[in-house]
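# Chain and residue survey
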Amino acid sequence: MVISRARPATDPPALPGILRSALFERLASAGRVTLVSASAGSGKTMLLRTWIAEARLTDRVGWVSVRRGERDPQRFWIAVLDALRRTQAGSRAVGSLTPAPGLEGGAIVERLLEDLESLTEPLWLVVDDLHELGDDETLRQLGVLVLRAPAALRFAFATRRDLRLGLHRLRLEGELTELRAGDLRFTIAEARALFDAAGVTLPEPALTLLHERTEGWAAGLRLAALSLVRHPDPEGLAADFGGSERTVAEYLLHEVLERQPDEVRRLLLRTSILDRVNGPLADLLTGRSGSELILQELEEAGAFVVSLDGPRSWFRYHQLFSELLQLELRRTAPDELSALHGTAAAWFAEHDDPAAAVRHAQEAGDWATAARVLADNVLALWVDGRGDTMGELLARFPVGALDSDPRLLALLAGREVTRGSLPATERYLALATQRLTAEAGDTRGTSQALLAVIRLRLARQRVDLPAAVEAAQQLLAPHAGAELQSHRIDDELRTLALLNLGTAESWAARSEDAERHLEYALALARRTRRPYLEIGCLANLALTLMARSFELARRASLKAIELARTHGWAEEPIVGIAYTVLGGILVWQGRLDEAEPWLGQARRALRAELEPAEGLLLRRAHGMLQLARGHDEEALTALRSATRLDELLSAAGAGTRPHALAAHAHALMLQTNLRLGELEAVEAALAEMAPELRDGPEVRKAIAALRLAQDEPQAATAVLAPVLDGSVASSHRAWLIEALVLYAIARHALAQPAAAEETLERALDLAEPDGVVWPFLVHRTAALLERHQRHRSTHAALISEIRTVLAGDRPTPSGEPQRPREPLSESELRVLRYLPTNLTAPEIAGEVYLAVSTVKTHIQHIYAKLGVNRRADAVERARDLRLLAPSALTRQ
């Protein structure tokens, strides 16, 4: 089959050429032969013409535009000779030739080679639209000219597909420069320059969206610019611009679709309903065989078909082309749409892509099939970290379509949990339980298990430990009810159960139980190869381990973060707690500049209002950071936010609120008010505080700080004594260190230097293993530490570190980091997140569902925008710019 590559009768109207500096540099340093190969409208001709004019090479370039369907060797070669003769050097070296019957192309080439033997000055031969040269013998003759021509003659070929010119030898010798579709895609800066040249000004978000929709396709951007010139609402048109826009549709219809054979057109139209297509699926939708070969030929022909994998078995269509095809399909065969979607739904369901199957069943209006496929695959989607996908699928169902299946009602309840809508969660759980009574067969056990997982998830979010234990026992107990026992509780469910139970125990300060359950869940997640669950286990295990060892917590956090980055989940909530723990550890260690990026990453990943306990931990860490920097107002804002999240937990009916964390946040807020001189306000707050909170170990430290501020050191020692003797125990070693520091300050104020030194030594003993510095920074310890260092030789390194931070001598970044040369697009940011991993470009392409060439282009654009040449340098630069979190492999 012949795939058409013919040009349209008219190209898009021209706009001024854009100076594309990076491409101009590549052309200037090119080898003997430059091949510019890309689809129609990619800007091949404009690039070469603009570069020639910019480089002032006009009198050194012979330009030949091949006629459409050219099959006359003599006419082609005489056109080449005439083009060369019009140049300064060629006019002296190349002789004229008159067309004559029987004059063969091979003879013309031999004569031309003889004429060029005397050529010493640089001379370019540009052949545009080389794909139109339809005679194989003429192509062979052109290959001979390339290989035998003197070094002074250089070539540039612009084509929509690769041709057999024998260029592989030049590639091996480094004499071939190749510019392909990915290289020709406009960057954001180039798109902006194009619109500026057209007199169109767009806000940055509108320009970025337009760039994404056109995928940097030069003709698409040119057509958009021309459409926007006189439009009354350019920003609105930019937002709606697509393949159905008149100028784009006309161009693509004439350029590609109408010039294809009927069989190819049928394939393109009937498969346009798909986000991605392969040969077998295309065969099924068209009712014919051989689709894979057609798709491969379309890709090779530059017909807006992009391969998505190395073997070139999966493809997608350019976004604008896909929209045009769908428009044409609706216009020409509207009655076939439902059947096509139904066929696609069945195929994807059989080939383990439930999300695609559900989407196509929904498009077909087959809600029963969509609901059944989704219900059958709820657990698989869940444990694979595709909660957002499930939410999107659920949103497309009509009201009431899901009310009959307890599994889908459980899924709706889970969606409401993630949204933070706990009353709605309860309603769906109640309705699912009601429907469960009428359910029988194999699905009943699954429904019961899913409902138990949702109840466990809800209990975890509320930090309701009794409810979490009850739900977990339903899933894990060896003597569960007969109905549940008939359904095999697989490792994924066990992992979910243990993960949520361990998390609830961690927030409730049941560290030993939490650690045991999370370690078991982690082993199951690894055994079943569920990296999403593994990340959750590691992140929450890090929080649990923080109470006894910063180093163990740090390692668990780093493992969670690296795993999330590897799989593209670096911005997902499940890894947010790992960022918070890592940032919090660095705050405790006084490494404030290192802590800040991690806490920033946590803010981007976590949804504080939907996960109040995790949000509380993050806000508390941020407040501690600001306190250590002496930014008391900023600290107060963060800590107030933390206590409001505690109130959210209380309003949600938390059975076992995270007393230790909440109490610490309340105590820190009181201490911040003291630093701001609000002593009376602190007294009043303490008077209104619940006794169990006021008498706890954390608030006792705030009371001690208040008494010290009131010059009552004896009262401070009295309130701290139960914390130090263990009768009012602190759950975290770092928090006990702070109590010891305050006690040492009080003893020093009482003129009891020996007792102060002994207490400070005890604090340093506890601080040394984890490098805890924070309590010494926020309380007045400089004089105590100086005296201690004079009298004792222990902890010299730690004291020196503390005094360095107190003196402000630790190097800090100078000002704000530089911005990239131009902002990275959303697609480039997606690819950037995979660069710290060991994934190759094809593997990254598979993760983000893009063509390998597109990923490589994004990587080149990332390099250019960051001003680097290597992947490692790009990662380092992105981290400096805080586009990526700091390296998890750097010693923390």
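Residues numbered from 1 in each chain as written. Predicted model: local features only at pLDDT ≥ 70, side-chain atom pairs only at ≥ 80, totals over all residues. Heavy atoms only, no water.

## Re the overall build of the chain
Helix and strand counts for the chain stand at 49 helices and eight strands. Its C-alpha atoms give the chain principal-axis dimensions of roughly 115 × 75 × 50 Å. When burial is assessed residue by residue, the chain has 57% of its 892 residues classed as buried. Taking the contacts inside the chain whose residues are at least 6 apart along the sequence as the reference set, 69% of them involve residues at least 24 apart. Carbon together with sulfur atoms contributes 49% to the accessible area of the chain, which is approximately 37,700 Å² in total. (Helix = DSSP H or I, 4+ residues; strand = E, 2+ residues; numbered from the N terminus. Buried < 20%, exposed > 50% of the residue type's maximum accessible area, 1.4 Å probe, protein only. Contact = heavy atoms within 4.5 Å. Areas by Shrake-Rupley, 256 points an atom, 1.4 Å probe, with all protein chains shown as cover.)

## Observations concerning helix α11 (residues 218–228)
For α11, a buried count of 10 out of 11 residues is recorded, marking the element as mostly surrounded by other parts of the structure. Of the positions making up α11, those classed as buried are Ala218, Ala219, Gly220, Leu221, Arg222, Leu223, Ala224, Ala225, Ser227 and Leu228.

## Section: the environment of Glu297
Looking at the element boundaries, Glu297 is found in helix α16 (residues 291–300). For Glu297, a relative accessible area of 18% corresponds to the buried category. Residues Glu297 and Ser307, 10 residues apart in the sequence, show an inter-C-alpha distance of 11 Å.

## A word on the packing of aromatic side chains
Taken as a whole and assessed by the stated rule, the structure comprises 12 aromatic pairs. Relative to Trp124, the ring of Trp51 has its centre 5.3 Å away and its plane inclined at 75 degrees; by these criteria the two rings are edge-to-face. Here Trp51, found in helix α2 (residues 44–54), pairs with Trp124, found in strand β3 (residues 123–128); they are 73 residues apart in sequence, far enough to count as distant. Residue Trp51 is classed as buried on the basis of its relative accessible area of 6%. (Phe/Tyr/Trp six-rings, centres within 6.5 Å; stacked < 30°, edge-to-face > 60°.)

## Considering the sheet that holds strand β4 (residues 153–159)
Spatially, β2-β3-β4-β1-β5 is the arrangement adopted by the five strands of the open sheet, whose pairing is parallel. At either end of the open sheet lies a strand with only one pairing partner, and these are β2 (61–65) and β5 (176–180). For this sheet the average axis-to-axis angle between neighbouring strands, irrespective of direction, equals 15 degrees. Sheet topology places β2 next to β3; five bridges connect them, and they run parallel. Opposite Val64, over in β3, you have Val127 as the bridge partner. Seen against the sheet, α2 touches β1 (33–37), β2, β3, β4 and β5 and runs at an angle of roughly 160 degrees to β2. Where helix α3 (residues 73–85) meets the sheet, it contacts β2, β3 and β4, and its direction lies at approximately 150 degrees from that of β2. (Pairing = 2+ DSSP bridges. Axes fitted to C-alpha atoms, helices over the stretch in contact; angles between N-to-C directions.)

## Observations regarding the pairing of strand β8 (residues 314–317)
For a regular strand, the rule is simple: side chains alternate between the two faces of the sheet. Here β8 shows two buried faces, one formed by Trp314 and Arg316 and the other by Phe315 and Tyr317. Strand direction decides the pairing type here: strand β6 (residues 277–278) and β8, joined by two bridges, are antiparallel. When the bridges of β8 are listed, Val277 appears paired with Phe315.

## A word on the sheet that holds β8
Taken together, the three strands give an open sheet; going across it, the order is β6-β8-β7, and neighbouring strands pair in antiparallel fashion. If you trace the sheet from one side to the other, it starts and ends with β6 and β7 (305–307), each paired once.

## Observations concerning helix α45 (residues 796–807)
A rise of 1.5 Å per residue sets the reference length of α45, with its 12 residues, at 16 Å; its end C-alpha atoms lie 16 Å apart and thus fit the reference within 8%. Every buried residue of α45 is listed here: Leu798, Ile799, Ile802 and Val805. The buried residues of α45 all sit within an arc of 130 degrees when viewed along its axis, so they share a single face. Against α42 (753–767), α43 (774–778) and α44 (782–791) lie the buried residues of α45. (Expected span 1.5 Å × (residues − 1). Arc of directions from axis to C-beta.)

## Some points on the side chain of Thr87
With respect to the secondary-structure elements, Thr87 resides in the loop between α3 and α4 (88–93). Looking at Thr87, its side chain comes within polar contact range of the main-chain nitrogen of Gly90, at 2.9 Å. Beyond its immediate stretch of four places on either side in the chain, Thr87 contacts Asp59, Arg60, Val61, Gly62 and Leu123. (Polar contact = N/O pair within 3.5 Å; in protein donor to acceptor, adjacent residues only side chain to side chain.)

## Here we look at the packing of helix α28 (residues 491–507) against helix α30 (residues 531–545)
Running from amino to carboxyl end, α28 crosses α30 at an angle of 20 degrees, the nearest separation of the two axes being 10 Å. Judged by the angle between their axes, α28 and α30 are roughly parallel. Helix-helix and strand crossings are classified by hand; for α28 and α30 the assignment is left-handed. Listed contacts from α30 to Glu492, Thr495, Leu496, Leu499, Thr503, Ser506 and Trp507 of α28 are Leu533, Gly536, Cys537, Asn540, Leu543 and Thr544. Along the lines of polarity and charge, the residues of the contact of α28 with α30 split into six nonpolar, six polar and one charged. (Parallel < 35°, antiparallel > 145°, perpendicular 65-115°, else oblique. Left-handed = near helix turned anticlockwise from the far one by under 90°. Nonpolar A, V, L, I, M, F, W, Y, C, P; charged D, E, K, R; others polar.)

## Some details on a negative patch on the surface
Negative charge collects at one region of the surface, where Glu633, Glu634, Glu678 and Glu680 lie side by side. The topology assignment puts Glu633 in helix α35 (residues 632–651). Here Glu633 falls in the exposed class, since its relative accessible area comes to 52%. (Patch = residues over 30% accessible without salt bridge, like charges linked within 9 Å, V, L, I, M, F, W, Y side chains within 5 Å. Salt bridge = Lys/Arg side-chain N within 4 Å of Asp/Glu carboxyl O. Lys, Arg positive; Asp, Glu negative; His and termini not counted. Charge placed at Lys NZ, Arg CZ, Asp CG, Glu CD.)

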